[in-house]
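These are the residues of each chain, in order.
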Amino acid sequence: GAKPRATTDTHVGHLSLLTSDLGLPPLPFLGFGFGFVLSIRLSTSSSLFLGSHMKSILDVSASLEKCEWANSKLQYLKSEITRWLNESESTVFEKDDGEFRHIVIQTCAPLPTCVAREVVEIAGHLRSALDKLLVAIVDFNGRGVSSVGFPFGGLGKNGQAEIFPSSRHNTLKKKLTSEQWALILSQKPYPGGNDALWTLNEIANQDKHRKDLVRVRALMRPTQIQCAGEAGEHIRLSVGTPNPIPSWCNQEREDIMASVGIAPGESLPDLEIKGPISISVVFQNIESLAGKDVVGTLHQQLTLTQRIVKIFEATV
């Protein structure tokens, strides 16, 4: 019943316990004039209890560290996009395709190659934070942590949401209490549930070297376009990037802000842009995120991940 008593010796990283403190029989005298010392190496992730091993506090430090890494990279991404915008002057020109006159904005330099890489790596850190959270919970429960990760739903080949949870989540479910599993399900990590959460997994699964992950987007209001002459009364104005985007548009440095069409036989009017134009970087090839601001989306996912970690830390 006595608590182990630490003694001072030269064994760095060890806890030395006298045999008498452990209730062991006294050792025979060896003639050296020193007591025998038993050294026990302790893991930094566990606690030593006489006769049992258990944990009383859920350790989420690994998850919080991953969130800090994600936040650091997000700040770097913001600074790189800001630097690119400040250093890259933009020009506006018109391009006719026979039916429409497109108002196009072009930056003098394409997006930095680091943008797509940082986007995927930030999402990867956040997904890892959630994976490590589940590992900590399962370990807390005294179960094996092999192949444990945060469960996500997804889209099938037909583009429809897969059933969630599915049979592939049964092993994880068995390692959690019913309350813990219910808390995971309440986060709705599937399409049509919490889209900010499940798309985190979609971003993390992307190839960070692909050029079409993100693109330039320019925003303007319809009232910023003024047309000269009476022909302006007959125009059909469509603000925003057309879908599909014309093949001639270099999306690394160009965006179509608006398209103007006229009735057959009418000539296209002269156009003039009034007021500021906002340029940002948005997702492109992930259908569920197409057109959404990259920095804003990642910031939302960072905040969400931190909240989930804190919820489990306070509940488990």
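Here the structure is a predicted model, which means the values were calculated and not measured. (Residues numbered from 1 in each chain as written. Predicted model: local features only at pLDDT ≥ 70, side-chain atom pairs only at ≥ 80, totals over all residues. Heavy atoms only, no water.)

Chemist: For helix α5 (residues 195-204), give the residues involved together with the corresponding values.
Modeler: Buried residues dominate α5, accounting for 8 of its 10 residues. A196, L197, W198, T199, L200, N201, I203 and A204 are the residues of α5 that are buried. Contacts from the buried residues of α5 go to α2 (114-140), β10 (278-283) and α6 (294-315). (Buried < 20%, exposed > 50% of the residue type's maximum accessible area, 1.4 Å probe, protein only. Helix = DSSP H or I, 4+ residues; strand = E, 2+ residues; numbered from the N terminus. Contact = heavy atoms within 4.5 Å.)

Chemist: Help me get a handle on the nonpolar core, residues and values and all.
Modeler: Among soluble globular proteins, nonpolar side chains are generally buried collectively. L77 and V119 are the most contacted members of the largest nonpolar core, which has 57 residues in total. If you tally residues by element for this core, the top one is α2, at 14 residues. Beyond its immediate stretch of four places on either side in the chain, L77 contacts V115, E118, V119, I122, V294, V295 and L298. (Core = buried A, V, L, I, M, F, W, Y, C linked by side-chain atoms within 4.5 Å.)

Chemist: Describe the pattern of salt bridges, with residues and values.
Modeler: Following the criterion strictly, the structure yields 10 salt bridges and no others. Ionic pairing is found between E80 and R83, a salt bridge with its closest N-O pair at 2.9 Å. On the criterion of helical spacing, the pair formed by E80 and R83 is a turn pair, its members being 3 residues apart in helix α1 (residues 61-87). Judged by its relative accessible area of 14%, E80 is buried. A salt bridge links K310 to E313, with the shortest nitrogen-to-oxygen separation between them at 3.7 Å. Linking K310 with E313, this pair stays in helix α6, spanning 3 residues, or about one helical turn. The exposure class assigned to E313 is partly exposed, which follows from its relative accessible area of 34%. Overlapping salt bridges, with partners in common, bring together K73, R117, E118, E121 and K208 in one network. (Salt bridge = Lys/Arg side-chain N within 4 Å of Asp/Glu carboxyl O.)

Chemist: Report on the confidence of the model for the protein chain, specifying residues and quantitative values.
Modeler: Mean pLDDT over the protein chain stands at 79; residues scoring 70 or higher make up 73%. Scored below 50 in pLDDT, residues 1-53 makes 47 contacts in the model with residues more than four places away or belonging to other chains. (pLDDT = per-residue confidence, 0-100.)

Chemist: Could you give an account of the packing of α2 against α6, with specific residues and numbers?
Modeler: Across the interface, α2 lies against α6 with an axial gap of 11 Å and an inter-helix angle of 10 degrees. Overall, the two elements α2 and α6 adopt an arrangement that is roughly parallel. Contact residues: α2 offers V119, I122, L126, A129, L130, L133 and I137, while α6 offers V294, L298, Q301, L302, T305, I308, V309 and F312. Among the residues forming the contact of α2 with α6, the class breakdown is 13 nonpolar, 2 polar and no charged. (Axes fitted to C-alpha atoms, helices over the stretch in contact; angles between N-to-C directions. Parallel < 35°, antiparallel > 145°, perpendicular 65-115°, else oblique. Nonpolar A, V, L, I, M, F, W, Y, C, P; charged D, E, K, R; others polar.)

Chemist: A description of the environment of G149 should follow, citing residues and the corresponding values.
Modeler: Assignment of secondary structure puts G149 in the loop between α2 and α3 (170-174). Put simply, G149 and L172 are 23 residues apart on the chain and 8.2 Å apart in space, counted from C-alpha to C-alpha.

Chemist: Explain the packing of aromatic side chains to me, using residue names and the numbers behind them.
Modeler: Going through the model one piece at a time under the given rule, you end up with 2 aromatic pairs. Geometrically, the ring pair formed by F150 and F152 is tilted, given 5.2 Å between the ring centres and 55 degrees between the ring planes. Each member of the pair, F150 as well as F152, carries the same accessibility label: buried. Against the face of W248 rests K95, its NZ or CZ located 5.1 Å from the ring centre. (Phe/Tyr/Trp six-rings, centres within 6.5 Å; stacked < 30°, edge-to-face > 60°. Lys NZ or Arg CZ within 6 Å of the ring centre and 35° of its normal.)

Chemist: Which residues make up the pairing of strand β3 (residues 90-96), and what values go with them?
Modeler: A regular strand places its side chains so that they alternate between the two faces of the sheet. Two strands pair when backbone bridges link them, and β3 and strand β4 (residues 100-107) are joined in this way by 7 bridges, in the antiparallel orientation. Residue pairing in the sheet places E94 in a bridge with I103 of β4. Counting the residues that bridge the hairpin from β3 to β4 gives 3 residues, and of these G98 lies at a positive phi of roughly 100 degrees. (Pairing = 2+ DSSP bridges.)

Chemist: Give me the lowdown on the packing of helix α4 (residues 178-185) against α6, citing residues and values where you can.
Modeler: The axes of two packed helices give the description: the angle between them and the distance between them. Close contact between α4 and α6 brings their axes to 12 Å; oriented N to C, the two are set at 160 degrees. Judged on the interaxial angle alone, α6 and α4 are roughly antiparallel. Note on packing geometry: the crossing formed by α4 with α6 is right-handed. Along its contact with α4, which presents Q180, L183 and I184, the element α6 presents I311, F312 and T315. Among the residues forming the contact of α4 with α6, the class breakdown is 4 nonpolar, 2 polar and no charged. (Left-handed = near helix turned anticlockwise from the far one by under 90°.)

Chemist: With reference to specific residues and values, describe unusual backbone geometry.
Modeler: Comment: phi is negative for the bulk of residues other than glycine, and the bulk of peptide bonds are trans. Going from F164 to P165, the amide bond is cis rather than trans, its omega being -5 degrees. Structurally, P165 is set in the loop between α2 and α3. One non-glycine residue, S147, lies in positive phi territory at about 65 degrees. Residue K188 is not a glycine yet carries a positive backbone phi of 55 degrees. Mapping K188 onto the fold places it in the loop between α4 and α5.

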